[in-house]
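Examination of the molecular architecture
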Amino acid sequence: MRSAKDFFRPLAVGAPAPLREVPFRPSRMIHFFDPGNAKMAAKVPALAPTVDVLLGNLEDAVPTDRKEAARAGLVAVARAHDLGGTQLWTRVNSLDSPWALDDLVTLVTEIGDRLDVVMVPKVEGPQDIHYVDRLLAQLEARAGLDRPVLVHAILETAAGVANVEAIAGASPRMQGISLGPADLAASRRMKTTRVGGGHPGYLVREDPPPTSGGGTPGDMPRVTYQQDLWHYTIARMVDACAAHGILPYYGPFGDIQDVTACEDQFRNAFLLGCVGAWTLHPVQIDIAKRVFSPAPQDVAWAERVIEAMGDGTGAVMIDGKMQDDATYKQCRVVAELAAALAARDPELAASYAAARKAAL
Ligand SMILES: CC(C)(COP(=O)(O)OP(=O)(O)OC[C@H]1O[C@@H](n2cnc3c(N)ncnc32)[C@H](O)[C@@H]1OP(=O)(O)O)[C@@H](O)C(=O)NCCC(=O)NCCSC(=O)C[C@H](O)C(=O)O
Ligand SMILES: [Mg+2]
């Protein structure tokens, strides 16, 4: 067992000290690209200013015979471009694959100073994070890095969900967790064939009307309501992340053409506490930006409540609604997120300023 005191000591001599708090950097969209695909890699300079995070994906969606090309492509992209304030992440291959070790060794050695976060797929328990934690410390020490590369786990196995709290708290390196609905569905033996989103068969049906003579309940039209397949897992992931001071994310939405359902899925995750989602195609970038930025009228309202609540205690009425310590805290979540995003996004800052003015 590690003592609490050991938790903040580097795991290798010469490695940078672990962080005590996860720095909050906007990450409304984690944009996936295949660095071995020359056409996609060429779009990086144009894409970078439009996204919060660019992620060079080395795992699923990269064919076996292009794994090395994707790894080399990411090294080349990181060296060739200054991404400004946009973060650079990678998703390495799973720890049981023949590529994971070389992914970590190559990337930290070659571009560790450029890499903000390593996403680790198919994490099953804290033991997977401990393995990556020690290895990263050794590689950071050897590369002479002065800040730690952070770790992000994908929640995409039944074992991972069972161990999600332990994963979230496994290391001070943990930056966040994303839901991986496609692999999780397979691991759970769910009977879906999609990447995220709902399913028309997963529903509840209203009770039959009382029969008064003719007709049987089976004949009566009854309204059905499609249910959310992911509610339980997202809520559990959000609690685990919040309890350990790290950030939760919804993952991918695979129906690229269904921008409406994508927006719904992202918004459900946002309202439940997630700070961002993955974007797989350029068309999803603006959806994530819109959904994971608090709406200007909500920010203006939150600021109004904060102002009216003074030191944040007691109770006041605003527009007929009771406000107290707890609504004050909710409003601070919204206002602080808005301020952090506005500092990166001048267009958003202007829309918040306009809503603030209109609310006066
Ligand atoms: C899904 C795609 C294969 C679709 O690509 P394509 O058929 O080329 O789409 P379009 O013709 O509409 O593309 C228009 C142009 O946009 C470029 N493009 C497409 N996607 C991207 C991108 N992600 N980044 C940058 N540029 C992109 C195309 O090259 C076209 O350019 P041009 O010809 O010049 O106009 C493709 O979008 C794609 O591969 N996306 C990423 C897929 C991916 O990363 N999947 C893995 C993550 S999801 C997952 O792993 C599941 C998860 O782990 C779980 O378990 O749930
Ligand atoms: Mg997956």
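Residues numbered from 1 in each chain as written. Chains lettered and ligands numbered in written order. Predicted model: local features only at pLDDT ≥ 70, side-chain atom pairs only at ≥ 80, totals over all residues. Heavy atoms only, no water.

Quick word on the environment of D116
Operational definition: In DSSP terms, a helix is any run of H or I states spanning at least four residues, a strand is any run of E spanning at least two, and both are numbered starting from the N terminus. What qualifies as a polar contact is a pair of N or O atoms within 3.5 Å, subject to a donor-acceptor requirement within protein and to the restriction that residues adjacent in sequence count only when both atoms come from side chains.
Take D116: it is sitting in the loop between α4 (100–111) and β4 (117–120). Along the sequence, D116 and T90 sit 26 residues apart, while their C-alpha atoms lie 8.5 Å from each other. A distance of 3.1 Å separates a polar atom in the side chain of D116 from a polar atom in the side chain of R25.

Observations concerning the coordination of the magnesium ion (ligand 2)
For clarity, the threshold we go by: Counted as donors are the N, O and S atoms within 2.8 Å of the metal, or 3.2 Å for Na, K and Ca, while water is not among the atoms, so some sites may look incomplete. Burial classes: relative accessible area under 20% of the type maximum marks a residue as buried, over 50% as exposed, and values in between as partly exposed (1.4 Å probe, protein chains only).
Distances from the magnesium ion (ligand 2) to its protein donors, namely E156 (OE) and D183 (OD), fall within the range 2.0 to 2.2 Å. Here D183 lies in helix α8 (residues 181–188) and E156 lies in the loop between β5 (150–155) and α6 (158–162), a separation of 27 residues in the sequence. For D183, a relative accessible area of 24% puts it in the partly exposed group.

What about the domain arrangement of the chain?
Short version of the rule: As used throughout, domain bounds are those supplied by an automatic or database domain assignment. Any two residues whose heavy atoms approach within 4.5 Å at even a single point are treated as in contact. Summed over both partners, the accessible surface that disappears when two parts come together, traced with a 1.4 Å probe, is what is meant by buried area. Here, a salt bridge means any Lys or Arg side-chain nitrogen found within 4 Å of an Asp or Glu carboxyl oxygen. Here the term charged refers only to Asp, Glu, Lys and Arg, the term nonpolar to Ala, Val, Leu, Ile, Met, Phe, Trp, Tyr, Cys and Pro, and the term polar to all other amino acids, Gly among them.
Domain annotation for the chain reports domain 1 (4–200 + 225–292) and domain 2 (297–359). For domain 1 versus domain 2, the distance between C-alpha centres works out to 30 Å. On the side of domain 2, six residues touch domain 1, which itself brings eleven residues to the contact. Taking both partners together, domain 1 and domain 2 bury about 630 Å²; carbon and sulfur atoms supply 58% of that area. Of all residues in domain 1, F24, P26 and R28 give up the largest surface area on contact with domain 2, accounting jointly for 61% of the area buried on that side. The tally of links between domain 1 and domain 2 comes to two salt bridges. A salt bridge links R344 to D52, with the nearest nitrogen and oxygen atoms 2.8 Å apart. Linking domain 1 with domain 2 are five residue pairs in polar contact (both at pLDDT 80 or more). When its residues are assigned to classes, the side of domain 1 that touches domain 2 shows six nonpolar, two polar and three charged.

Regarding the site of ligand 1
Keep this limit in mind: Throughout, the term near means that a residue has one or more heavy atoms lying within 4 Å of the molecule or strand in question.
K39, K43, A182, L280 and H281 are the nearest of the 20 residues found near ligand 1. Measuring from a nitrogen atom of ligand 1, one finds a side-chain N or O atom of H31 at 2.9 Å. In the environment of ligand 1, a nitrogen atom lies 2.8 Å from a nitrogen or oxygen atom belonging to the backbone of F32. Contributions of two or more residues to the shell around ligand 1 are made by β1 (29–33), α1 (38–42) and α8. At three residues, the largest contribution of residues to the shell around ligand 1 is made by α8. In terms of residue class, the shell around ligand 1 is built from ten nonpolar, four polar and six charged.

Regarding the packing of aromatic side chains
Heads up, the condition is: Here a Phe, Tyr or Trp ring, Trp counted by its six-membered ring, pairs with any other such ring whose centre lies within 6.5 Å, and the pair is stacked when the planes are under 30 degrees apart, edge-to-face when over 60, and tilted otherwise. Throughout this description, the term charge over a ring refers to an Arg CZ or Lys NZ atom that lies within 6 Å of the ring centre and within 35 degrees of the ring normal.
Under the criterion given, the structure shown has six aromatic pairs. Between the aromatic rings of Y250 and F266, the centroid separation amounts to 6.1 Å while the plane-to-plane angle is 55°, which identifies the pairing as tilted. Residue Y250 is found in the loop between β9 (247–249) and α10 (259–272), and its partner F266 is found in helix α10; the two are separated by 16 residues along the sequence. Note on accessibility: Y250 and F266 belong to one class, buried. Ring plane angle 45° and centroid distance 5.9 Å describe the contact between F266 and F292, whose orientation is recorded as tilted. You can see F266 sitting in helix α10 and its partner F292 sitting in the loop between α11 (285–291) and α12 (296–308), a full 26 residues away along the chain. In this structure, F266 and F292 share a single accessibility class: buried. In this structure an aromatic cluster arises from ring pairing among Y250, F266, F270 and F292. The side chain of R20 reaches across the aromatic face of F8, ending 4.4 Å from its centre.

A closer look at the state of the cysteines
We apply this condition: Here, the term disulfide refers to a pair of cysteine sulfur atoms separated by no more than 2.5 Å.
Applying the stated criterion across every chain yields a total of zero disulfides. In this model C262 remains outside any disulfide bridge; the closest cysteine sulfur is found in C274, 13 Å from its own. With a relative accessible area of 1%, C262 lands in the buried category. Not part of a disulfide, C274 finds its nearest cysteine sulfur in C241, a span of 7.9 Å. Under the relative-accessibility criterion, C274 is labelled buried at 3%.

Some words on empty space enclosed by the protein
Where we set the bar: A 1.4 Å probe that fits into a set of points on a 1 Å grid over the protein atoms alone but cannot get out defines a cavity; an open set with protein on both sides within 12 Å along at least five of seven lines defines a pocket, and lining residues are those with an atom within 4 Å of a point. Grid points are joined across faces, edges and corners, and a volume is the space filled by probe spheres set on the points.
Applying the stated criterion across every chain, the model contains two cavities of 30 Å³ or more. Approximately 100 Å³ is the volume found for the largest cavity. Along the walls of the largest cavity sit 16 residues, with P16, P18, D133, P172 and R173 positioned nearest its centre. Here the lining of the largest cavity takes three residues from helix α5 (residues 126–143), the largest share from any one element. A class-by-class count of the residues in the lining of the largest cavity yields ten nonpolar, one polar and five charged. Taken together, P181, A185, T192, R194, G196, G197, G198, L229 and W230 form the lining of the second largest cavity. When grouped by side-chain class, the residues that make up the lining of the second largest cavity number four nonpolar, four polar and one charged.

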